[in-house]
Amino acid sequence: MTFTAPVLNYAQLAPMLIVLGGALIGVLIEAFGPRASRHASQLFITVASLVAAFAALVRVRNQSSVDAAMGSVGFDGAGVLLQGTILIIALLSVFLIADQENFTALAAAVPGSSEERESLQLDLRVTEVYPLTLFAVAGMLLFPVSTDLITLFVALEMLSLPLYLMAGLSRRRRLMSQESALKYFLLGAFSSAFLLFGVAYLYGYSNSVTFAGIQASITGGSGNDVFLLLGIAFISVGLLFKVGAVPFHAWSPDVYQGAPTAITGFMAAATKVAAFGAILRIFYVAFANAEWQWKPALVLIAIVTMVFGSVVAITQRDVKRMLAYSSIAHAGFLLAGVIALSKSGLDASIFYLFAYGIATVGAFGVVTLVRDSAGEVTDLNRWSGLGKRSPLVASVFAFFLLAFAGIPLTSGFIGKFSIFSAAYETGSTAILIAGVLSSAIAAFFYIRVIVLMFFKDPVEDGTSVVIPSALTTTTIAVTSLITLILGIFPAPLINFIESSAFFIR
Amino acid sequence: MLTIQTPEAVMFWFLAPLAVISAIGMLLVKKAVHSALLLAWVMITLAIFYIAQDALFLGIVQIVVYTGAVMMLFLFILMLVGVDASDSLTETIRGLRPIAITAALGFGGLLVSLIGRATLGREAAGLVDANSEGNVQALAKLLFSTYVWPFEVVSALLITAALGAMVLAHHQRSVPRATQREQAIARFRGASLGSAAGLPNPGVFARHNAVDVPALLPDGSAAPNSISATLKARGDMLESTQFELSEVDNTVTEEK
Amino acid sequence: MNALTSMMLLPLLGSLLVAVIPSDQTLRIKQAALGTTLLVAISGVMAWFKFDSANTSFQFVQIAQWIPSFGINYAVGVDGLALVLILMSVLLAPVVVLAGWNESEGGRWSAKVFYILILVLETMMIGVFAATDVFLFYVFFEAMLIPVYFLIGGYGSGERAAAAVKFLLYSLFGGLLMLASIIGLYVISGTHGGHTFDIGQLSELHKFMSPTTQNLLFLGFFIAFAIKAPVWPLHTWLPDAAAAATPGTSVLLLGVLDKVGTFGMIRFCLTLFPDASKTFTPVILVFAVISILYGAFLAIGARDIKRLIAYTSISHFGFITMGIFAMTTQGHSGATLYMFNHGFSTAALFLVAGWMISRRGSSTIADFGGLQRVTPVMAWSFFIAGMSSLALPGLSSFVSEFLVLVGTYTRYPVAAVIATFGIVLAALYILIPVQKALHGPTTPGNENLPDLNLREKIAIAPVIAVIVALGFYPAPLLNVINPASAHVLEVQGFTDPVPSESAGK
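Residues numbered from 1 in each chain as written. Chains lettered and ligands numbered in written order. Predicted model: local features only at pLDDT ≥ 70, side-chain atom pairs only at ≥ 80, totals over all residues.

K.L.:
Can you lay out the overall build of chain A for me, pointing to particular residues and giving the numbers?
P.N.:
Along its length, chain A carries 20 helices and three strands. Taken over the C-alpha trace, chain A has a radius of gyration of 22 Å; the compact-globule value for 505 residues is 23 Å, and the two agree within 12%. For the C-alpha atoms alone, the extent of chain A along its principal axes is close to 70 × 55 × 40 Å. Relative to all contacts within chain A whose residues are 6 or more apart in sequence, the contacts with residues 24 or more apart total 81%. (Helix = DSSP H or I, 4+ residues; strand = E, 2+ residues; numbered from the N terminus. Rg over C-alpha atoms; globule rule 2.2 N^0.38 Å. Contact = placed C-beta atoms within 7 Å.)

As structure tokens, then:
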């Protein structure tokens, strides 16, 4: 038997390899590094590897090939854009994660035990979150560039596993945090099983697990349509779970609330980019010619997701839960870009992902600042009068909310406009109408928070805005600046996306 | 053309229902150990299927790794930690269970009816072709050439899992463990010399010498600290009062 | 630099100037704001003189690419219609600043924020009238809600937060419907010669639309404008907002912002969808007539002086809407002139009412009595403003109301005749409060009210001067308005009915 050695294009895989390398160094630091300097060295390694990965990505930005890794990875413009977005979001999130107030001192300690108290007094730190974050980032980088279903599955697990873990590391309300982690893990495992089931059907349909092979089978039309339908359905379930589309959204409010806020921000922003990247690739490349099989169902899911997310968000009393439902609604808007199935839909989706991801990290960054003596305050009632206490922080948060609502002069508006026009262009009038109506509903609860912050009197219960650390300040400043700039001068980014976003087949 | 031979069909229709019943049983039985055993059975059945379909390597791996290693590890942990009570299954939102069961049955029915209508529609390649150079060799070829990248990534995934297990389970000592010398000093310097000679064993002087019956102290009262902490945590300690010797004269006159 | 662009930049620079002045130097801040608005007013008047009224195309045109991939331009330019409204806006701004010299002090935030909001709002007011790119218009249309929202909610009185939210939600809802229509236009333009938002090119587009499409797109625009202008039954936000806002804000809200609605009807509804406009004219006229009468009846029943003025405005907007949809040159000219005049008469009413309220400490009409004797100047100012509001011959509103009625009569005599009852009701709703509050014996609590001081006199003088001057000699305005109105109708193929004895079948 002959064996030809595999050829890997290391330049194109470099971003992922660098991030993985950073994660491994982080693991070694955990094992051998002196405790006192662990936090600093981990932070340095994490930031350095993210920056280096971004530089490596910039170096190969104009390349594209189907053979980056023996046909498992398709390296192309859209992939570069999505990977770049993920790296930027990850870097900004790491700055929030570095503010370790968020995390438990000792994950193994029973909540409320004396061991927990002692570990808090000793000021122990779960510095493992840094390598875990890097592992998750590596999975996210791989997810949108996977071009076969096996790699897709591995990437999905790779990005999910660290997130399941980190969701349970909250410093306060630990039982709730652990419960949310368990819920995320169980439902995530369930959805992974669905995805795997779908992979099996698609293999049965097309005798191939590569996107190109599936696409060829669909155009050839030789396979059994029931297998195709089941395959698409199950794969969609697995992927839609990750983005929190209704009816696969049940985990997201609990996990958003239970996880440490910095992790919530990272998860909300970066996972969405990665998962939508994968959804876009698989629907645009593999399933494009079976449009009639999935479009009606996806249109329905998109509409239900938008409306449900917006309506339920109105009743929320917790800021993190509210943002969770808002992210569900945004998942619905983003599905409009998938449904468009056109170049403008792809461009719009990538722009929207970038804009939304940045604003989300910023918004959760602000949430980490509002605290009382026991820690973060997420009860919306206690946010009232925040505008009086610290006008700047409240204004920044209001600005992010306006961006989520899609008010002009924010990035959210440009995103909404481009994604809805792309959807309408390909004939999805229902999406346009549902999108506009649910935007109107969504505006209601965003504005309610603004009213609460600015027009209600403060409650005297010790809620205050802490002075942010330099890193948190950087994140919030950068994200709000990007959100503003993309609202006023989006042309450079739009042009860049337009000229480079395409999927290699 | 891959034809399904009669023996294979017989085996399938015999084992498949068993596998499904065991899988459902896994969810329904009360004790974790039973559940684990049923899972092991499901895995063995799957292994048999794999082997029957010429996927010899996969079948063996399934037995050695999953049934042999993973499941046994799982059972060990169950026994060592002693988590054997069933979780409380109270419904926080009433009426969810019938809805869930109805939905599950409906979904299952839909799937069965769909798959029942499906035919492959083309020749299955069969494993004979794939195995022409040997099953293990063919697998190795795929793993180390076509799927080398996901294969490498899986290694990172395993590191993540290990790291995660460490985060969740590793206890950081906040004070250094006391040495034997320190423990001895502490025992003798303590307020009473009661435990200077070590703790009593369970069952000593009691009417039963089982591990879950507390020892009796010289004054006839039960000594709960003679029972293993694990048993106590599990609530398996028997009520010590029923073993107290009430007829013993408790008045001890101290002699100088 | 382009006259319009510089007019928009000036207030923005002014707001920056205000921003750098320390908050405790309130007087400096006010002076800076007044100076800026005066400068803008002067440049507005200069533009007025440079404007060539014989030329019906857009003037002071400036076009720069903004988001080229969507065909979005920064495009400004004015015709007679827009110029008149811009002139009105920039003239009212310094009056509002001067008249409401102390308005900023009772608010939630400092005076600095108040003037920054006012100046930013002024930029947007100019921009919304000057934009010749539909997207740019929409951006201003939506973005100007935010400063108004904070002006009402932060500096108003009574149920200010609730009123601000109601205002914002109504407007956002309308805005989102309009966004859907804009996306529709954008997509249709893409299939007929490339994506564009240029109003000139879009006005050709109706030839390619099916009647259903045109009707739907028309409705999206019209409902947004009908909410803005308030036309019955979408008016309910206005009384609350006007009653809660400070008098100065109310002047800008009713005088300028609501005009965006009626302006939009001419500029967008009629120009872009002439056929749909014709289709909907009967329905709209019914709504307009109902607005005229309903607003008047509410005004008669009003006990709060600010609400009274708001209700009169609903009635007046009914007239304007009727004039627009009469589709005659007289009706259009009248409507445009009405917009201008209504701006000034409402400004006068609100400002004087504001002074009365702040002196008396109550906004209930019944609390006032016999002001004529105590504060003659204030009473006379209110009287003249009231007379202008009921369109007394010799004052400015008369000319416009007359033109609207005549213009409507030639085509829709029934509507015109019913609307005439509005004039009778107007006499009631103005004269009753005038009689109660100004004339008759001085009631307890009003004996010691101080009359207008010098600042207030300076503020109200130009407004009253405009009201009186235009009443006698409206020609300068009409010379600019008439060609523009005729042009709008002519371009879209509306012709005036031939005047004859049997006109109006």
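K.L.:
Give me the lowdown on the overall build of chain B, citing residues and values where you can.
P.N.:
Counting its secondary structure elements, chain B contains nine helices and two strands. Along chain B, helices (α) and strands (β) appear in the sequence α-α-α-α-α-α-α-α-β-β-α when read from the amino end. In chain B, which comprises 256 residues, the share counted as buried stands at 11%. The contacts in chain B between residues at least 6 apart in sequence include a share of 45% that link residues at least 24 apart. (Buried ≥ 20, exposed ≤ 12 C-beta atoms within 10 Å, placed from the backbone.)

K.L.:
Quick rundown of helix α6 (residues 149–167) of chain A? Include the residues and the values.
P.N.:
In a regular helix each residue adds 1.5 Å, so 19 residues correspond to 27 Å; α6(A) covers 27 Å between its end C-alpha atoms and thus fits that length. Among the 19 residues that make up α6(A), 18 are buried, leaving the element largely enclosed by the rest of the structure. (Expected span 1.5 Å × (residues − 1).)

K.L.:
Give me the lowdown on helix α20 (residues 491–500) of chain A, citing residues and values where you can.
P.N.:
Since there are 3.6 residues in each turn of an α-helix, residues three or four apart along the chain are aligned in direction. Every buried residue belonging to α20(A) is among A:Leu493, A:Ile494 and A:Ile497, and all of these are buried. The buried residues of α20(A) occupy one face: seen down the axis, they fall within an arc of 100°. Across α20(A) from its buried face, at more than 90 degrees, point the exposed residues A:Pro492 and A:Ser499. Each element contacted by the buried residues of α20(A) is listed here: α3 (77–97), α14 (343–367) and α19 (470–488) of chain A together with β1 (59–67) of chain C. (Arc of directions from axis to C-beta.)

K.L.:
Which residues make up the environment of A:Leu481, and what values do they have?
P.N.:
Relative to the elements of secondary structure, A:Leu481 occurs in helix α19. The sequence separation of A:Leu481 and A:Ile358 amounts to 123 residues, and the corresponding C-alpha distance is 9.8 Å.

K.L.:
Describe the interface of chain A and chain C, naming the residues involved and giving the relevant values.
P.N.:
Reports of interface size often rely on the accessible area that becomes lost once the parts have come together. Taken together, the contacts link 25 residues of chain A with 27 residues of chain C. Sorting the residues of the side of chain A that touches chain C by element identifies α17 (411–425), α18 (429–455) and α20 of chain A as the ones contributing at least two each. Counting residues per element, the side of chain A that touches chain C draws most heavily on α18(A), at eleven residues. In terms of residue class, the side of chain A that touches chain C is built from 19 nonpolar, four polar and two charged. (Nonpolar A, V, L, I, M, F, W, Y, C, P; charged D, E, K, R; others polar.)

K.L.:
Tell me about the interface of chain A and chain B, residues and numbers included.
P.N.:
Of the residues lining the interface, 42 residues belong to chain A; the matching set on chain B comes to 34 residues. The dominant element in the side of chain A that touches chain B, judged by the number of residues it contributes, is α6(A), at eight residues. Tallied by class, the residues present in the side of chain A that touches chain B amount to 29 nonpolar, ten polar and three charged.

K.L.:
So what's going on with the sheet that holds strand β1 (residues 370–372) of chain A? Residues and values would help.
P.N.:
All names here are of chain A. Strand order in the open sheet made by the three strands is β2-β1-β3, with antiparallel pairing throughout. Pairing within the sheet leaves two strands with one partner each, and these edge strands are β2 (375–376) and β3 (464–465). Direction of pairing for β1 relative to β2: antiparallel, over a ladder of two bridges. Across the sheet, Arg 371 pairs through a bridge with Glu 376, a residue of β2. (Pairing = 2+ DSSP bridges.)

K.L.:
Let's hear about the environment of B:Ala130: which residues, and what values?
P.N.:
All names here are of chain B. Along the chain, Ala 130 falls in helix α5 (residues 126–130). Residue classification places Ala 130 among the partly exposed residues on the basis of 15 C-beta atoms within 10 Å. In this structure the C-alpha to C-alpha distance between Ala 130 and Asp 54, which are 76 residues apart in sequence, comes to 10.0 Å.

K.L.:
Which residues make up the confidence of the model for chain B, and what are the values?
P.N.:
Looking at chain B, pLDDT values average 78 and 74% of them are 70 or higher. Confidence scores differ between elements of chain B, with helix α9 (residues 229–234) of chain B showing the lowest mean pLDDT of 69 and helix α7 (residues 148–169) of chain B the highest of 90. (pLDDT = per-residue confidence, 0-100.)

K.L.:
So what's going on with the packing of helix α9 (residues 225–243) of chain A against helix α11 (residues 261–286) of chain A? Residues and values would help.
P.N.:
Residue and element names in this part refer to chain A. Following both chains from N to C, one finds α9 and α11 inclined at 155°, their axes separated by 8 Å at the closest point. Considering the angle they form, α9 stands roughly antiparallel to α11. Crossing of α9 over α11 shows left-handed handedness. Note on element contacts: α11 touches α9 through Thr 271, Lys 272, Ala 275, Phe 276, Ala 278, Ile 279 and Ile 282, opposite Ile 235, Leu 239, Lys 242 and Val 243. Class assignment for the residues of the contact of α9 with α11 results in eight nonpolar, one polar and two charged. (Axes fitted to C-alpha atoms, helices over the stretch in contact; angles between N-to-C directions. Parallel < 35°, antiparallel > 145°, perpendicular 65-115°, else oblique. Left-handed = near helix turned anticlockwise from the far one by under 90°.)

K.L.:
Account for the arrangement of the chains, with residues named and values stated.
P.N.:
Taken together, the two pairs of chains in contact show their highest number of contacts between chains A and B. The closest approach of any C-alpha atom in chain B to one in chain C is 35 Å; the two make no contact.

K.L.:
So, the confidence of the model for chain A: which residues are in play, and what are the values?
P.N.:
Confidence in the prediction for chain A averages 88 pLDDT; 99% of positions are at 70 or higher. Element-level pLDDT for chain A is lowest in helix α4 (residues 114–121) of chain A, with a mean of 78, against a maximum mean of 94 in helix α5 (residues 129–142) of chain A.

K.L.:
Give a detailed account of the environment of A:Ala329, specifying residues and quantitative values.
P.N.:
All names here are of chain A. Looking at the element boundaries, Ala 329 is found in helix α13 (residues 319–340). Linking Ala 329 and Tyr 164, residues 165 residues apart in sequence, is a C-alpha distance of 22 Å. Setting aside chain neighbours within four positions, we find Ala 329 in contact with Met 306, Gly 309, Ser 310, Ala 313, Ser 438 and Ala 442.

K.L.:
I'd love a proper account of the packing of α5(A) against α7(B), names of residues and values included.
P.N.:
Orientation of α5(A) relative to α7(B), taken along the N-to-C sense of each, is 150°, at an axis distance of 10 Å. Judged by the angle between their axes, α5(A) and α7(B) are roughly antiparallel. The crossing of α5(A) and α7(B) is left-handed. Together, A:Pro131, A:Leu132, A:Phe135, A:Ala138 and A:Leu142 of α5(A) and B:Val153, B:Ala156, B:Thr160 and B:Leu163 of α7(B) make up the contact between the two elements. Of the residues that constitute the contact of α5(A) with α7(B), the class distribution is eight nonpolar, one polar and no charged.

K.L.:
Pulling in residues and values, what's your account of the pairing of strand β2 (residues 72–78) of chain C?
P.N.:
Residues and elements named next belong to chain C. Most of β2 sits inside the fold, with six of its seven residues counted as buried. Pairing of β1 with β2 involves six bridges; the strand directions are antiparallel. Within β2, the position partnered with Ala 64 by the bridge is Tyr 74. The turn joining β1 and β2, which pair antiparallel and follow one another in sequence, is formed by four residues; a positive phi near 70° is taken by Gly 71.

K.L.:
Which residues make up unusual backbone geometry, and what values do they have?
P.N.:
Cis rather than trans, the peptide bond between A:Val246 and A:Pro247 has omega equal to 5°. In this fold, A:Pro247 is placed in the loop between α9 and α10 (251–258). The omega angle of the peptide bond from C:Trp232 to C:Pro233 is 5°, so this bond is cis rather than trans. By secondary structure assignment, the location of C:Pro233 is in the loop between α9 (211–228) and α10 (237–244). Look at A:Leu341: it is not a glycine, yet its phi comes out positive at around 50°. If you trace the backbone, A:Leu341 turns up in the loop between α13 and α14. Looking at A:Leu341, the number of C-beta atoms within 10 Å reads 21, which means it is buried.

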